[in-house]
Number of protein chains: 2
Amino acid sequence: MVTMHDVAARANVSVATVSFVVNGTKPISPATTSRVEQAMRELGYRRNPVGAALARGRTKIIGMLYPALQRPLSGTVGGFFTSAAVRAQERGYQLVLWPISNESDEAMALADTGLVDGVLLMEVQLNDNRVPALVQGRTPFALIGRTADPEGLAYVDVDFGATVTTAVETLVALGHRDFCLVTGGSRAGRFEEHGPAERSRAAFLADIEAAGLTGAVRYCLEDSREGRAFGRAFRDEHPDVTAMLLLNEHAAPGIVIGLREAGVRVPEDLSIISLGSSAHMANMVDPALTFLRSPADELGRLGVDTIIDRIENPDAGLPAVLIPCEMVPGGSIAEAPGRA
Amino acid sequence: MVTMHDVAARANVSVATVSFVVNGTKPISPATTSRVEQAMRELGYRRNPVGAALARGRTKIIGMLYPALQRPLSGTVGGFFTSAAVRAQERGYQLVLWPISNESDEAMALADTGLVDGVLLMEVQLNDNRVPALVQGRTPFALIGRTADPEGLAYVDVDFGATVTTAVETLVALGHRDFCLVTGGSRAGRFEEHGPAERSRAAFLADIEAAGLTGAVRYCLEDSREGRAFGRAFRDEHPDVTAMLLLNEHAAPGIVIGLREAGVRVPEDLSIISLGSSAHMANMVDPALTFLRSPADELGRLGVDTIIDRIENPDAGLPAVLIPCEMVPGGSIAEAPGRA
DNA sequence: TTGAAAGCGATACCAT
DNA sequence: ATGGTATCGCTTTCAA
C-alpha cells in the first residue's frame, strides 16, 4: 500500500505537506502542490480512511441501522435508503446500511466505537430499547420514525394522524359510515410496538368517534398469501363495512384478490384507500388503488440532513419533522353502496 | 472514551495484557483475566475498531456493493442482503450494504483503502467495468452474478440456462409450441448488459430452436404500470403465443391485469411461468403464478462464504457456483388451448 | 504469564 | 509556506 510517506519521499516534501494538499487544510504553493499531486498520481496513492479516522476521530460515514433480520428489506426501505444515500453524498458523507438486531447492545456496540460519525435509526418502535442505549452513548443519532414519547430526540416521520384523517374525510364525503382499518406487522403479538400501526389506529379511532361512525381495527401479516386469506374471510367477519383503510401495502394485492374470490367487488361493495404506499405498489392491484403516497424520498433526505446537522453542530435545536402522505387518485373508492 | 490504557491502569496491568484478554491472543492467568474483565465492566470499555483496524490491517467488515442509484433496492435484494448478513455474522464478520454508482472508480476507492476486508459485488453486468477495477486492486472480492466471461473470478449466480429449460420443458409437455420470453431491465437500451436477461434469452432461443418451436423475446420495464400497458397490448402483438416466460416479477402483476383487461384469460388462453421469483410476489397475482423460485437466500449465504474464504485463504481455488431455480406450482399454467 | 515498545497511516499543533 | 513530531487506540514482537 502506498502511504503518505511514500508520496512525501517522492515529492521531496514532508508528510505534513502531503496531508495539507490532500485535505486542503493549509495553503501550499502551487509549485509544491503540483509536485505532490504528480507524485500521488505516479504512485497511485489513495488515502487510507482508517488512518485518517483514527487521527481525526471522524470517518465521514453515517450508519443507517436497520433490523434486517426481523424485518426483511422491502421496496419502501429501498426508497429511504436510496434518497438518503444520494443526499449523504451531496454533503460529503458515505451512507451505509448496517444490519442490526433489535437488541440494544448491537446498535450501541457499533455506534459507539468511532466507526461511524452518526447513526440513523430505522424501524423505530414505540418502545424501543435501542433509543435509550443510543442516548447513553456519545454518537449523534436521529430517527426515521419515532418512539411513543420522542421528546428530546431528533426525528423525521410520517404524519400518520393527518394521513388517516385525510383518508377518512375522503370516504365520509362519499357517504361511507362503516370503516375498517387494516394494519400490518411482521409478527403477531408485537403490533402494539409498531409506531405507524399504532399511531394510525389511535387517529382512526379518534376520527371515527368524533364523526359518530363505526370503525373496526384488524391486523394482517405483511404477506400476499396472508392477505388472500384475510380478504376471503373479510366479508363474513365485517358484513357492514363499506370502507377500508389499508396500512399494509404488501398484503394489499392479496387482500383484494381474496375479496374478489369471496364475491366482494372493489370499489362497488367496498372502497379501499391504501395508506403510505407508492404508485408501483398501488398498480399491482386491480383496480389500481387510491393511495396516500409515502414521502419516503423526502424522509430519507431529511433524515440525512438531520443527522449530519447534529454531527456538525450538536448544539443546534432538535429537528422534529412530520410529513403527511399525499392523496393519489385510483380506482378503488366509490360512493357508499345504496347511496348513489 | 474509555481506552485500553484506562482499563490497564485500573487493572494494574499493561495494555498488552488487556489486548491479550480482549482478543484471547495469548494465555493469561485466570486471576489477571478476571481483574481485567472487571475493570472493563466497571469502566464500560468497548474496543475501538478503528484503532484495531489500523493496527491489524483488517476490519472484519465486508462491503456489499450495490448500485442503489441505478437500481432501486427491491425485495429480491433484501433477500440476498438478509441471508448474507446472517451468514457474515456467523463467521465473525459484519456485512454492510454500500451504495455505489456503476462507475468503476467509486467501487475501487472504497474497496482499496482498507475500510473493508473484502467486497461482494451485486448486480454484475455482462460487461462490467467495476470488475477489472477490482481485479487491479488488492482487496479480495466475489460476485453475486457474473460477467460474460467469468473465468478467473469467484462468483455465485443463478443458473438461468437450467431455469429456462425447466420452464420450457414444463410448458412443452402441456402442448405449448408458441412462446414468448419477457425480461426486464430498469432502463431501455442497456438490456444487453443485464446478465440474467441476456443469459435467459440465449437459453430460451437455443431451447426453442432445438425443439422446433417458435419463440419471441420482449422487454418490459420493471414497474407495474409499465406491466399493465404491456399486458394490454400483448395479444395484438403476439396473437399466436400461448406460453409466456416472465423474468420480471415487478411487472408481473401489472402484466396479468393488462392481459385480463384485453380479454386474455390466464391460464386458459395464456400460460405464464415466472422465472426467479418468490412465493410472496407470485401470490400478488390472480391467479397465483406458477414460478421458479429464486435461490436468493442460498446465494446470499454462499456469496458471503465465498468472499470470506477468499479473504482468509487467498490461495485456495476460485469457487464458481450456479444454482438453478426450483419449480413451485401455481395456477397460471394449463394445457395449450385447443388441445384438451 | 506479563510488559515495553515499535509500529499501523494520517492529522494537526508548534516551529521555523 | 513548510517541516518535525506527538498523537489517535490497538496489535504484536521480543524480552524478561
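Basis of the calculations
- Residues numbered from 1 in each chain as written.
- Chains lettered and ligands numbered in written order.
- Predicted model: local features only at pLDDT ≥ 70, side-chain atom pairs only at ≥ 80, totals over all residues.
- Heavy atoms only, no water.
- Salt bridge = Lys/Arg side-chain N within 4 Å of Asp/Glu carboxyl O.
- Helix = DSSP H or I, 4+ residues; strand = E, 2+ residues; numbered from the N terminus.
- Buried < 20%, exposed > 50% of the residue type's maximum accessible area, 1.4 Å probe, protein only.
- Contact = heavy atoms within 4.5 Å.
- Polar contact = N/O pair within 3.5 Å; in protein donor to acceptor, adjacent residues only side chain to side chain.
- Nonpolar A, V, L, I, M, F, W, Y, C, P; charged D, E, K, R; others polar.
- 1 Å grid on protein atoms, 1.4 Å probe; cavity = no way out; pocket = protein on both sides within 12 Å on 5 of 7 lines; lining within 4 Å.
- Points joined across faces, edges and corners; volume = space filled by probe spheres on them.
- Least-squares fit on C-alpha atoms with pLDDT ≥ 70 in both.
- Pairing = 2+ DSSP bridges.
- Axes fitted to C-alpha atoms, helices over the stretch in contact; angles between N-to-C directions.

An unreviewed UniProt entry lists chain A under the name LacI family transcriptional regulator, with Microbacterium luteolum given as the organism.

Here the structure, examined in full by the defined rule, presents 38 salt bridges over all chains. A salt bridge links A:D309 to A:R91; the nearest nitrogen and oxygen atoms lie 3.1 Å apart. Pair noted here: A:D309 is in helix α13 (residues 296-312) and A:R91 is in the loop between α5 (75-90) and β2 (94-99), with a separation of 218 residues, a long-range link. For A:D309, a relative accessible area of 36% corresponds to the partly exposed category. For A:R91, a relative accessible area of 24% gives the class partly exposed. Ionic pairing is found between B:R293 and B:E326, a salt bridge with its closest N-O pair at 3.8 Å. Within this pair, whereas B:R293 is found in strand β10 (residues 290-293), its partner B:E326 is found in strand β12 (residues 326-328), the two being separated by 33 residues in sequence. Using a relative accessible area of 46% as the deciding quantity, one classes B:E326 as partly exposed. Three or more residues joined by partner-sharing salt bridges are found here, namely A:R87, A:E90, A:R91, A:R301, A:D305, A:D309 and A:E312.

Let us look at the interface of chain A and chain B. Contact with chain A, which involves 55 residues of that partner, is made by 55 residues of chain B. The interface formed by chain A and chain B includes 2 salt bridges. The interface formed by chain A and chain B contains 11 residue pairs in polar contact (both at pLDDT 80 or more). Taken together, the elements giving at least two residues each to the side of chain A that touches chain B come down to α4 (49-56), α5, β2, α6 (104-111), α10 (224-237), α11 (252-261) and α12 (279-282) of chain A. Ranked by the residues each element gives to the side of chain A that touches chain B, the list is headed by α5(A), at 7 residues. Of the residues that constitute the side of chain A that touches chain B, the class distribution is 29 nonpolar, 15 polar and 11 charged.

Taken as a whole, the second largest pocket holds about 690 Å³ of empty space. Lining of the second largest pocket is provided by 28 residues; of these, A:L115, B:R47, B:P49, B:T59 and B:Q94 occupy positions nearest its centre. When contributions to the lining of the second largest pocket are tallied by element, the ones reaching two or more residues are α4, β2 and α6 of chain A together with α4 (49-56) of chain B. At 5 residues, the largest contribution of residues to the lining of the second largest pocket is made by α4(B). The residue inventory of the lining of the second largest pocket, partitioned by class, reads 17 nonpolar, 5 polar and 6 charged.

To continue, consider the relation of the copies chain A and chain B. The two copies are related by a screw operation: chain A maps onto chain B through 180 degrees of rotation and 0.1 Å of translation along the axis, at an RMSD of 0.2 Å. In the structure described here, the two chain copies are related by an operation that fits a two-fold rotation axis. Among all residues of chain A, the minimum C-alpha distance to the rotation axis is found for A:L97, at 2.4 Å. The share of interface residues of chain A whose copies in chain B are also at the interface is 100%, consistent with both copies meeting through the same surface.

Residues and elements named next belong to chain A. With respect to topology, 6 strands assemble into an open sheet ordered β7-β6-β8-β9-β10-β12, the strand pairing being mixed. Either end of the sheet is taken by a strand with one partner, and the two such strands are β7 (214-219) and β12 (326-328). This sheet shows a mean twist of 20 degrees between the axes of neighbouring strands, independent of strand direction. Sheet topology places strand β9 (residues 271-277) next to strand β10 (residues 290-293); 4 bridges connect them, and they run parallel. If you follow I273 over to β10, its bridge partner there is T290. Its contacts with the sheet put α11 on β6 (178-183), β8 (243-247) and β9, and the angle it makes with β8 is roughly 150 degrees.

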